[in-house]
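Residue strings, one per chain:
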Amino acid sequence: MNSISFIGRRLLQIVPVLIGISLVSFFLIMMIPGDPVRMVLGPRATEEAVTAMRQEWGLDRPIWAQYLSYIGNTLTGDLGQSLKFRIPVLDLVLQYLPRTLFLVAYVLVIALPATILMAVIAARNEGRWPDQLIRVISILGMTIPVFWLGVLFARYFGVKLGWFPVSGYGDGFVEHLHHLFLPAVSTSLWLAPLLTRNLRAALIEQTEADYVAASRAKGLPEGYIFRRHILRNSVLPTLNLLGVMIAFLIGGSVVVEIVYAVPGLGALMVGSVLGRDYFVIQGLTLVYAIATVAITLAIDIFTAAIDPRTSE
Amino acid sequence: MSLVSVQGLSVTFPSEKGPVAAVRNVSFDLKPGEILGIVGESGSGKSVTCRALLGLLPRRATIGGRMIYDGRDLSGPAEIQAVRGREISMIFQNPASHLDPLMTIGDHVAEPLRFHFGLSAAEARAEALKLLESVRIRDAASRMDAWPHQLSGGMKQRVLIASALACKPRLLLADEPTTALDVTVQAGILQLLRDLNRESGLTMALVSHDLGVIAEICDRVIVMRGGEVIESGPVRDVVTNPQHEYTRLLIGAQPGRLPQMAEPQEAPAGLVDLKDVAVHFPTRSGGGIVRAVDGVNLSVRKGECFGIVGESGSGKSTVARTIVRLITPTGGRVMFEGKSVADLSGADLTAYRRAVQMVFQSPFDSLNPRMTAQQTIAEPIWRHGLASKSAAMERALELMDMVELPRSFATRRPRALSGGQCQRVGIARALALSPRLLIADEVTSALDVTVQAQILRLLTRLRKEHDLTVIYISHDLTVVRKFCDRVAVFQGGRLVETGATADLFASPSTEYTRDLIAAAPDMDQAMAERA
């Protein structure tokens, strides 16, 4: 009962955020210098043609009316037409989105178990060689640029050894796994150390917590105390970081998608920016923003499920 | 035959300046069924001794000497692990942090039963319910699935006791189990511990800084200082006939033994008047309101020391913050010399801020860690433009003399000062602007009793010398009784009663005040009652 009202309250809080997002993505187009109609029709269009198009697009109406029809269109799934591909932006996004989501999920499947394993080993051996080794690996992983690693991997495993394809997305689940392996690994090599450092610090901090001393005084075994008490309490801060990182990955998969020629959202974004495909940029902005909101919401609900204090 | 025999225990911690001995050559015995008190001030090694018995010290600690439990030598981790929870258990000072926030209270109690006795989840749960009932948690069945944060401090301590006693250990180590609790709650917990000792013969070691608490329930006491046992014996002998000079000092510093510092005067004019003051906050989830303070009328007279007592949540600190205008009351008015404080602005407000100064509870946290004692004291003087920076620094040295801080401490930062010294800096800073009213909010509750006695003496002297009016906020009735001319008792945001200290203590007019007075631990009273 309590958790339902918590989710309800949390959903209500999202409404103003969504309105803000729609305002930003609406004014994004307004703020582009120059007249969109002239941009479409070209510099040599006649005054009549421009006026006709303005009327056709509704640009002669007051701004609030334009905003309302933008909201109406967005709610009905109409994000406009891509100027380059000449198909609805929504179709375009839906075509590219699954690939990026697949990549992000793939990264998480690789990075999360690695994170937990490394953080637990490091924390339980604080200051000793396994901890030092993991620290060195982490620093390397975080400092080596993803694009450099990508190029290196593509050349060695892709071209030289021929184990993995160096571009594209493939058909079917197994081929996706094969095609996206190198991109997922090179992203994980950066993400896992980041999360590991965070989780390791939390684990060490919680190991010193008073309730751990109390558990020891009760004679509970160390392994159980670690699993049931320390790990659970340590996961919470890392979970928040993970949320931020997933949102960042969805928007920030650009580099790895370009290097490995994965036709995902990042690649679409770069193409649209270079090609001044404004409605696609606007649509993608909206998608990114909504994805971030959705992930934050999911993390909050997840946190509330673990921590009874947050849902009150 | 003693249950526990500690022989020549020493604990050393490494530090940058070489090893530091926290405990040196400590020996004592615990007979079955007795309650041993371990008393000492901060840094005396009393908690470390207790923790060493259960192997709860950090790995870097070096432990020497022997600890023998029931004929078994607790020499290594395996031997200690064998008795933890089963034979020896422990409860701690701060019950809130010693419960896992992500575990229900039923599970906290059931947990050791499953490990030590191999009970099934259902059996352990049934047993946990009985245990929670035995520590007198009301309506235990419905509390089984409650989370620690939903319980009050006293209830949390009861849960901790239930989970420590789940496997029927023979020895309970209690490390300051009531220090973080209100006096009436403390009385309940002490009663519970005493009953457990009588009914099931539970042997106990009670660590406390408070001789009043020790005197109430312990049979024997050992007095520790600087890591060493300096005196031990039956509580009565130690209290009535202390051998060591430090023990005498400690006993003399008990609030009940302090000289009477209050000297009520003939009703002078009022300085601060609260008229029907209310402070309401909206609740966090919205909707409701919290009545932090409601309908408070009181008058503080010029030159008196006015005590405000109450338990946590009684609104006493909120009243203080309202008077200094850190909080705007949602109803009623605060008057200072007949003028409404809320209407002050500009120069009048600045003057008011100078006239009313506050000293805070936590001596360390209320000082800027990056500033020296002298800078801290001088800051308000030059910030208020009362003197140049160099003149202010000079004046700060005089203020240090006034609060009896050696001038050689002028360049020290809070970290290099003790709690009592930090509090002196805090007082000097408050006096820097020559205030008329000083509000002291629990200024001695974080300090050792001997330091508390010094600070109280200092405040009494300053009060006379500077014609100060003092509002002294405290949870400690015994201190208030010695220190304040008049007292106001708060409960749940309301003023319960107010009156001259002597009258109020002699004949409290409400039941709540009577309970509070009865619950306040007092060494001499406890000894008298046990006779």
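First, a word on scope: everything that follows refers to the structure included in this document.

About the cut-offs
- Residues numbered from 1 in each chain as written.
- Chains lettered and ligands numbered in written order.
- Predicted model: local features only at pLDDT ≥ 70, side-chain atom pairs only at ≥ 80, totals over all residues.
- Heavy atoms only, no water.
- Helix = DSSP H or I, 4+ residues; strand = E, 2+ residues; numbered from the N terminus.
- Rg over C-alpha atoms; globule rule 2.2 N^0.38 Å.
- Buried < 20%, exposed > 50% of the residue type's maximum accessible area, 1.4 Å probe, protein only.
- Areas by Shrake-Rupley, 256 points an atom, 1.4 Å probe, with all protein chains shown as cover.
- Lys, Arg positive; Asp, Glu negative; His and termini not counted.
- Charge placed at Lys NZ, Arg CZ, Asp CG, Glu CD.
- Pairing = 2+ DSSP bridges.
- Contact = heavy atoms within 4.5 Å.
- Buried area = accessible area lost by both parts, 1.4 Å probe.
- Salt bridge = Lys/Arg side-chain N within 4 Å of Asp/Glu carboxyl O.
- Polar contact = N/O pair within 3.5 Å; in protein donor to acceptor, adjacent residues only side chain to side chain.
- Right-handed = clockwise from strand over helix to strand, strands pointing away.
- Phe/Tyr/Trp six-rings, centres within 6.5 Å; stacked < 30°, edge-to-face > 60°.
- Lys NZ or Arg CZ within 6 Å of the ring centre and 35° of its normal.
- Axes fitted to C-alpha atoms, helices over the stretch in contact; angles between N-to-C directions.
- Disulfide = S-S within 2.5 Å.
- Expected span 1.5 Å × (residues − 1).

Regarding its fold elements, chain B presents 20 helices and 20 strands. Relative to a compact globule of 531 residues, whose C-alpha radius of gyration would be 24 Å, chain B shows 25 Å and is just as compact. Oriented by its inertia axes, the alpha-carbon framework of chain B measures out at about 75 × 55 × 45 Å. Taken over 531 residues, chain B has a buried fraction of 55%. Carbon and sulfur atoms make up 49% of the accessible area of chain B, which amounts to about 22,500 Å² in all. If the 61 positive side-chain charges of chain B are averaged to one point and the 58 negative ones to another, these points end up 4 Å apart.

Strand pairing in a sheet relies on backbone hydrogen bonds, with the paired strands running either antiparallel or parallel. Residue and element names in this part refer to chain B. Taken in spatial order, the four strands line up as 12-11-14-15 in an open sheet, and their pairing is antiparallel. In this open sheet, the two edge strands, each paired with only one partner strand, are strand 12 (289-301) and strand 15 (339-340). Bridge analysis of strand 11 (residues 270-282) against strand 12 gives nine bridges, and the strand direction is antiparallel. If you follow Gly270 over to strand 12, its bridge partner there is Arg301.

Right, let's get into the interface of chain B and chain A. Contact residues are listed per partner, giving 28 residues for chain B and 22 residues for chain A. Of the roughly 2,300 Å² buried between chain B and chain A on both sides combined, carbon and sulfur atoms contribute 57%. The partner of Glu111 of chain B in a salt bridge is Lys218 of chain A, and the shortest N-O contact between them spans 3.1 Å. Linking chain B with chain A are 11 residue pairs in polar contact (both at pLDDT 80 or more). Elements with a contribution of two residues or more to the side of chain B that touches chain A: strand 6 (88-91) and helix 3 (105-117) of chain B. With five residues, helix 3 of chain B is the single largest residue contributor to the side of chain B that touches chain A.

With that out of the way, let us pick up the pairing of strand 17 (residues 437-441) of chain B. Residue and element names in this part refer to chain B. Within strand 17, five of the five residues are buried, leaving the element largely enclosed by the surrounding structure. Both faces of strand 17 are covered, namely the face carrying Leu437, Ile439 and Asp441 and the face carrying Leu438 and Ala440. Of the crossover connections in this fold, the one passing from strand 17 over helix 16 (residues 449-466) to the parallel strand 18 (residues 469-474) is right-handed.

All names here are of chain B. Residue position: Ser366 is located in the loop between strand 16 (356-359) and helix 13 (373-383). Judged by relative accessible area, which is 19%, Ser366 ranks as buried. Only 2.8 Å separates the side chain of Ser366 from the backbone oxygen of Ser362, close enough to count as a polar contact. For Ser366, the contacting residues outside a window of four places in its chain are Phe360 and Arg429.

Moving on, we come to the packing of aromatic side chains. All names here are of chain A. For the structure shown, the criterion picks out 13 aromatic pairs over all chains. Between the aromatic rings of Phe102 and Tyr106, the centroid separation amounts to 6.2 Å while the plane-to-plane angle is 85°, which identifies the pairing as edge-to-face. On the criterion of helical spacing, the pair formed by Phe102 and Tyr106 is a turn pair, its members being four residues apart in helix 5 (residues 89-124). Taken as a pair, Phe102 and Tyr106 share a single burial class, namely buried. Above the plane of the ring of Phe226 lies Arg124, whose end atom (NZ or CZ) is 4.6 Å from the centre.

Turning next to the sheet that holds strand 18 of chain B. All names here are of chain B. Strand order in this open sheet of six strands is 16-17-18-13-19-20, and the pairing throughout is mixed. In this open sheet, the two edge strands, each paired with only one partner strand, are strand 16 and strand 20 (494-500). For this sheet, the mean angle separating the axes of adjacent strands, direction not counted, is 15°. Where strand 19 (residues 486-491) lies against strand 20, six bridges are found, and the strand directions are antiparallel. Residue pairing in the sheet places Ala488 in a bridge with Thr498 of strand 20. The sheet contacts of helix 12 (residues 346-355) involve strand 16 and strand 17, and relative to strand 16 the element is tilted by about 40°. Against the sheet, helix 15 (residues 419-431) contacts strand 16 and strand 17, and its axis sits at roughly 175° relative to strand 16.

On to the environment of Leu239 of chain A. Residue and element names in this part refer to chain A. Structurally, the position occupied by Leu239 is in helix 11 (residues 222-252). You can call Leu239 buried: its relative accessible area is 8%. Distance in space between the C-alpha atoms of Leu239 and Ala294 is 15 Å, their sequence separation being 55 residues.

Residue and element names in this part refer to chain B. Per the counting criterion, the structure on display carries zero disulfides over all chains. The thiol sulfur of Cys167 is not disulfide-bonded, and the nearest other cysteine sulfur, from Cys50, lies at 19 Å. With no disulfide partner, Cys484 has as its closest neighbouring cysteine sulfur the one in Cys305, 3.8 Å distant.

Okay, the pairing of strand 10 (residues 228-234) of chain B next. Residues and elements named next belong to chain B. Relative to strand 10, strand 9 (residues 220-225) runs antiparallel, the two being bridged by six bridges. Looking at the pairing, Ile222 lines up with Ser232 of strand 10. Count of turn residues in the strand 9/strand 10 antiparallel hairpin: two residues, of which Gly226 carries a positive phi of about 55°.

Here we come to helix 14 (residues 389-402) of chain B. It helps to recall that an α-helix has 3.6 residues per turn; residues three or four apart then point in one direction. All names here are of chain B. Helix length check: helix 14, at 14 residues, gives a terminal C-alpha distance of 20 Å against a target of 20 Å (1.5 Å per residue), a fit within 8%. Residues of helix 14 that are buried sit in contact with helix 13, helix 15 and helix 16. After helix 14 finishes, the residue Glu404 shows a positive phi value of roughly 60°.

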